[in-house]
Amino acid sequence: MDVHISLIGRHDLAGEIYRQLRAAIIDDRIREGDALPATRELATRLSVSRTTVMVAYDRLVGEGFASARVGSGTFVSRNLRPGQRPRHAPRAVLRARRIWENVPDPTGMWAAVEYDFRPGIPDARLFPYEAWRRLMSRQFRRPEVGSGAYGDPAGHAGLREAIAQHVGVSRGIRAEPGDVVVTNGTQQAVDLIARVLLAPGSRVAMEDPGYGPIRRLFISLGLVVAGVPLDDEGLIVDAIPPQTSLVYVSPSHQFPLGMSMSLRRRMALLAWANRTGGAIIEDDYDSEFRYGGRPLEPLHQLDIDGRVVYVGSFSKTMLPTLRLGFLVAPPSLHAPLVAAKFLADWHSPLAVQAAMARFIADGLFARHVRRMRTIYEGRHAQITDILTRTFADHLRVVPSFVGLHLAALAREATVDRVDEIVRRSSTMGVACLPLSTFASVPSRSGLILGYGAINDLQIADGLALLRDCFDAAG
Ligand SMILES: Cc1ncc(COP(=O)(O)O)c(C=O)c1O
């Protein structure tokens, strides 16, 4: 790699080259054992004589920062003495706004555990790596990755078409490719929608308990977030506070409690939007996995006036690390959403989008989802069965037939007691989350149990350990 050296306006050229290389060595920008640029090459690049460069190099060698090897070049010395490495940490004068103090580092949440009941993780062991690798490597042929210029911010044309077709078939959503914007997951889709629709200070409402990363995203955008309570039919529409401009909901499979929003409530929410001029974001993050019950029409399908933006994700059906999601927008928002995507990151990586388009078009996506649905259905049944048989005195399972997790409400244990049980179970290698994680003001106590990551054969043992923790807590 070329070391940055600037000689503009400098006089002592050899001294300047020496000082800038020495600083790069001290700061570890050039590592121990690395080769310094060849003298002839550096002289040409800096438009100086080769002798000037050699004088600088001789000085570095003389002071022990580098050593010359005849015939092969000059290398940064190994084992520099501590005095030769004064680390200058910059003074910490810049301060982030207060809102960034409460955002947890998400990497710590996903360390490997033995019995993994954490929600929202698909089974990465069963991903069709071979087929995906083949499709990805095909995208790196020249015409596929494009001309060298940037791509369309709305997304790869083939993928937008495949998504429009996919949501049409699987969710009954009428969408044209032009309605679709490909995003880096749900997270970015909601970010773009909020930026396009809401000025800082606007009020948004979401389910409470609800999905933390989106709540924090809204706060980071300067929005005022209200939590709306839930009952068995989902979000209680009458409890949406006045002056709310946008409601974010997960009607197919409420996150985290798991119930489906009733048709009556869906109609009431649309009526709220019509009455107040509000907007709705419908987060349909995992409804490809349905194990029973009758699916209700998505809000998007019931919406006549164009007030709903539908958001989907490939994080559960494929892998969250692909960072692939999408939104389906009403025509009035097409252009601003594409503009917002352009300003955010121009577009999502084209090779991944193109591979996903082929994955869907070749029928591999439908096959993978079918296969995983059968596997997850078995786990869902196994966990529900064990919880109803052996945890009946402690927990009541919230009926749910969709997705990768289920919720169980504590019969007697308080919020603090359940938090303690979860902490205790984690010391035994069993990871699940207390309901309190997702509530702005923890009131209902209970557990969220995911089954995307846990192996079928571990479920019974893991739950037996969890049961021991309940018993020990009294
Ligand atoms: C409610 C909800 N929405 C969306 C997602 C997926 O987000 P993304 O597409 O950004 O990975 C999750 C993942 O856990 C979720 O729980």
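Residues numbered from 1 in each chain as written. Predicted model: local features only at pLDDT ≥ 70, side-chain atom pairs only at ≥ 80, totals over all residues. Heavy atoms only, no water.

### A word on the overall build of the protein chain
Stage number 1. When helices and strands are tallied, the protein chain shows 15 helices and 17 strands.
Stage number 2. With respect to the principal axes defined by its C-alpha atoms, the protein chain has extents near 85 × 55 × 45 Å.
Stage number 3. Considering the protein chain as a whole, with its 474 residues, one finds that 50% of them fall into the buried category.
Stage number 4. Restricting to contacts in the protein chain with at least 6 residues of sequence separation, those with at least 24 account for 71%. (Helix = DSSP H or I, 4+ residues; strand = E, 2+ residues; numbered from the N terminus. Buried < 20%, exposed > 50% of the residue type's maximum accessible area, 1.4 Å probe, protein only. Contact = heavy atoms within 4.5 Å.)

### Thoughts on the packing of aromatic side chains
Stage number 1. By the definition in use, this model includes 14 aromatic pairs.
Stage number 2. Geometrically, the ring pair formed by F342 and W346 is edge-to-face, given 4.8 Å between the ring centres and 75° between the ring planes.
Stage number 3. Using a relative accessible area of 36% as the deciding quantity, one classes F342 as partly exposed.
Stage number 4. With relative accessibility at 33%, the residue W346 sits in the partly exposed group.
Stage number 5. Three or more aromatic residues joined by ring pairs form one cluster here, namely F127, Y129, W132 and F359.
Stage number 6. Of note, R59 hangs over the ring of Y18, and the distance from its end group to the ring centre comes to 3.9 Å.
Stage number 7. In this structure, R467 packs its charged tip against the face of F391, placed 6.0 Å from the ring centre. (Phe/Tyr/Trp six-rings, centres within 6.5 Å; stacked < 30°, edge-to-face > 60°. Lys NZ or Arg CZ within 6 Å of the ring centre and 35° of its normal.)

### Notes on a nonpolar patch on the surface
Stage number 1. Together, Y150, F342, L343 and W346 give the surface a local cluster of nonpolar side chains, amounting to about 480 Å² of exposed area.
Stage number 2. For L343, the location among the structural elements is in helix α11 (residues 334-345).
Stage number 3. Judged by relative accessible area, which is 70%, L343 ranks as exposed. (Patch = residues over 30% accessible without salt bridge, like charges linked within 9 Å, V, L, I, M, F, W, Y side chains within 5 Å. Areas by Shrake-Rupley, 256 points an atom, 1.4 Å probe, with all protein chains shown as cover. Salt bridge = Lys/Arg side-chain N within 4 Å of Asp/Glu carboxyl O.)

### A word on the environment of S252
Stage number 1. One can find S252 in the loop between β9 (244-249) and α9 (263-276).
Stage number 2. The spacing of S252 and L296 is 44 residues in sequence and 7.6 Å in space, taken between C-alpha atoms.
Stage number 3. When sequence neighbours within four positions are dropped, the list of residues in contact with S252 reads R171, M259, S260, R266, D284, S287 and V402.
Stage number 4. Only 3.0 Å separates the side chain of S252 from the side chain of R171, close enough to count as a polar contact.
Stage number 5. Side chain to side chain, S252 and D284 meet in a polar contact 2.7 Å long. (Polar contact = N/O pair within 3.5 Å; in protein donor to acceptor, adjacent residues only side chain to side chain.)

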